[in-house]
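A closer look at the structure
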Amino acid sequence: MNGRASKRKGTTGERDAVNTAKAAGIPAERAYASNGRSLGHTEPVDALIGTYRTQIKRRAKIASYITPPQGTDMTLIREDHGEWLAVIPYTTLLQLLKGGQ
């Protein structure tokens, strides 16, 4: 994929994530040119989803060990001596942000 197509794919992913949040009733805003400084935050911020500074990545394939397996709600991952990270479906995150469970 050339640079222009990759940039378009990323921008489309950011817009999709923001529009999905808005459709769920959560305030969301994409940073102009994917630069968080346009929103008053650091450069890596692609969007604000609710009050959360968010970086959005879109890939053709995600490693299967990261994706929550069928029958589970999330995958927790951590590098040695690092912080635990949770991988959950975006729709689940949006429900949590709205105060649901």
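Below, the structure is looked at part by part. Everything numeric here is computed off the predicted structure, so don't read it as measured data. (Residues numbered from 1 in each chain as written. Predicted model: local features only at pLDDT ≥ 70, side-chain atom pairs only at ≥ 80, totals over all residues. Heavy atoms only, no water.)

Another point: the overall build of the protein chain. The secondary structure content of the protein chain amounts to two helices and five strands. In the protein chain, the succession of helices and strands from N to C terminus is α-β-β-β-β-β-α. Considering only C-alpha atoms, the protein chain reaches an extent of 35 × 35 × 30 Å along its principal axes. With 101 residues in all, the protein chain has 22% of them scored as buried. Put simply, of all contacts in the protein chain between residues at least 6 apart along the chain, 28% involve residues at least 24 apart. For the protein chain, the exposed area adds up to about 7800 Å²; of that, 52% sits on carbon and sulfur atoms. (Helix = DSSP H or I, 4+ residues; strand = E, 2+ residues; numbered from the N terminus. Buried < 20%, exposed > 50% of the residue type's maximum accessible area, 1.4 Å probe, protein only. Contact = heavy atoms within 4.5 Å. Areas by Shrake-Rupley, 256 points an atom, 1.4 Å probe, with all protein chains shown as cover.)

What follows covers the sheet that holds strand E1 (residues 28-30). Across the sheet, three strands lie side by side as E1-E2-E3; this open sheet has antiparallel pairing. At either margin of the open sheet sits one strand with a lone partner, and together these are E1 and strand E3 (52-54). On average, adjacent strands in this sheet sit at an angle of 25 degrees to one another, irrespective of strand direction. Strand direction decides the pairing type here: E1 and strand E2 (residues 47-49), joined by three bridges, are antiparallel. Note that in E2 the partner of Glu-29 across the bridge is Leu-48. On the sheet, helix H1 (residues 3-23) packs against E1 and E2 and is oriented at approximately 165 degrees with respect to E1. (Pairing = 2+ DSSP bridges. Axes fitted to C-alpha atoms, helices over the stretch in contact; angles between N-to-C directions.)

Let us now look at H1. Within an α-helix, residues lying three or four positions from one another point in the same direction, as the helix has 3.6 residues per turn. End to end, H1 covers 30 Å across 21 residues, agreeing with the expected 30 Å (1.5 Å per residue, within 8%). Considered for burial, the residues of H1 that qualify are Thr-11, Gly-13, Glu-14, Ala-17, Val-18 and Ala-21. All buried residues of H1 project into a common sector of 155 degrees when viewed along the axis, lining one side. Exposed residues pointing more than 90 degrees away from the buried face of H1 are listed as Arg-4, Arg-8 and Ala-23. Against E1, E2 and helix H2 (90-97) lie the buried residues of H1. For H1, the N-terminal capping position is held by Asn-2, with its side-chain oxygen 3.0 Å away from the main-chain nitrogen of Arg-4. (Expected span 1.5 Å × (residues − 1). Arc of directions from axis to C-beta. Polar contact = N/O pair within 3.5 Å; in protein donor to acceptor, adjacent residues only side chain to side chain.)

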